[in-house]
Amino acid sequence: MSGHGAPTLAASDLEGSQLKVAVVASRWHEQIMDGLLGGAQRALAEAGVQDPAIVRVAGSFELPVAARRLAGAFDAVVALGIVIRGGTPHFDYVCQAATMGLTDVSTATGVPIGFGVLTTDDEQQGLDRAGLEGSSEDKGYDAAVAAVDAALTLRGLGL
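The structure displayed is predicted, hence computed values, not measured ones.

Caption draft 1: Quick look at the packing of helix α2 (residues 63–71) against helix α3 (residues 90–109). In contact at an axis separation of 8 Å, α2 and α3 are set at 15° when each is read in the N-to-C sense. Considered as vectors, α2 and α3 are oriented roughly parallel to each other. The way α2 lies across α3 gives a crossing that is right-handed. Contacts between α2 and α3 involve L63, P64, A67, R68 and A71 from the first element and A97, A98, G101, L102, V105 and T109 from the second.

Right, here's the structure in full:
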């Protein structure tokens, strides 16, 4: 199970009222994405983040460029998307591009990126992780908590 061993930190344990956070989310697979976005918004509200910016892009491949632009104006960015395996190598290329692109944004800018990009074998696996009624996990929520936690940690370093 992918949630096994996850930290128990909840958004309500964080004090993010002084943070500016943006969420960039893809539009592919609307039901799953609505769940991920809803989970991220719940987490940010619980952490006290006021008025997070919400930006929608076409797909997961476009997440890094949007995150890079947003990183200049925000303390943290939450990136949400889903890539479902098909019968061609396209899945591998998009997953790698999104992962490496978001990693590059975070390390180049020093702005934490909450990684909420699902890479699944089928749609059901996405639904199971989307934070919808009946889902076993809420990866949008988890990604937002991770982004806020990292931003607060970096702020606390005083560097």
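From this point on, the discussion continues.
Caption draft 2: Layout of the environment of W28. With respect to the helices and strands, W28 occurs in the loop between β1 (21–26) and α1 (30–46). Along the chain, W28 and S60 lie 32 residues apart, while their C-alpha atoms are 8.2 Å from each other. Leave out the neighbours within four places in its chain, and W28 touches M33, A58, G59 and I82.

Caption draft 3: Just the packing of aromatic side chains, in detail. Scanning the model with the defined rule gives 0 aromatic pairs in all. The ring centre of F74 lies 5.1 Å from the NZ or CZ of K20, which sits over that ring.

Caption draft 4: Region of interest: the pairing of strand β3 (residues 76–84). For β3, the buried fraction is high: 8 of the 9 residues fall into the buried class. Bridging between β1 and β3 involves 5 bridges; their strand directions are parallel. Bridge assignment links V23 to a residue of β3, and that residue is V78. Inspection of the sheet shows β3 paired to strand β4 (residues 113–120) by 8 bridges, in the parallel sense. Among the inter-strand pairings, I82 is bridged to a residue of β4, identified as L118. Each parallel crossover has a hand, and for β3 linked through α3 to β4 it is right-handed.

Caption draft 5: Molecular detail of α1. The end-to-end C-alpha distance of α1 is 24 Å, a good match for the 24 Å that 17 residues give at a rise of 1.5 Å each. All buried positions along α1 are accounted for by I32, M33, G35, L36, L37, G38, G39, A40, A43 and L44. Positioned one or two residues after α1, G48 has a phi angle of 85°, which is positive.

Definitions and cut-offs
- Residues numbered from 1 in each chain as written.
- Predicted model: local features only at pLDDT ≥ 70, side-chain atom pairs only at ≥ 80, totals over all residues.
- Heavy atoms only, no water.
- Axes fitted to C-alpha atoms, helices over the stretch in contact; angles between N-to-C directions.
- Helix = DSSP H or I, 4+ residues; strand = E, 2+ residues; numbered from the N terminus.
- Parallel < 35°, antiparallel > 145°, perpendicular 65-115°, else oblique.
- Left-handed = near helix turned anticlockwise from the far one by under 90°.
- Contact = heavy atoms within 4.5 Å.
- Phe/Tyr/Trp six-rings, centres within 6.5 Å; stacked < 30°, edge-to-face > 60°.
- Lys NZ or Arg CZ within 6 Å of the ring centre and 35° of its normal.
- Buried < 20%, exposed > 50% of the residue type's maximum accessible area, 1.4 Å probe, protein only.
- Pairing = 2+ DSSP bridges.
- Right-handed = clockwise from strand over helix to strand, strands pointing away.
- Expected span 1.5 Å × (residues − 1).

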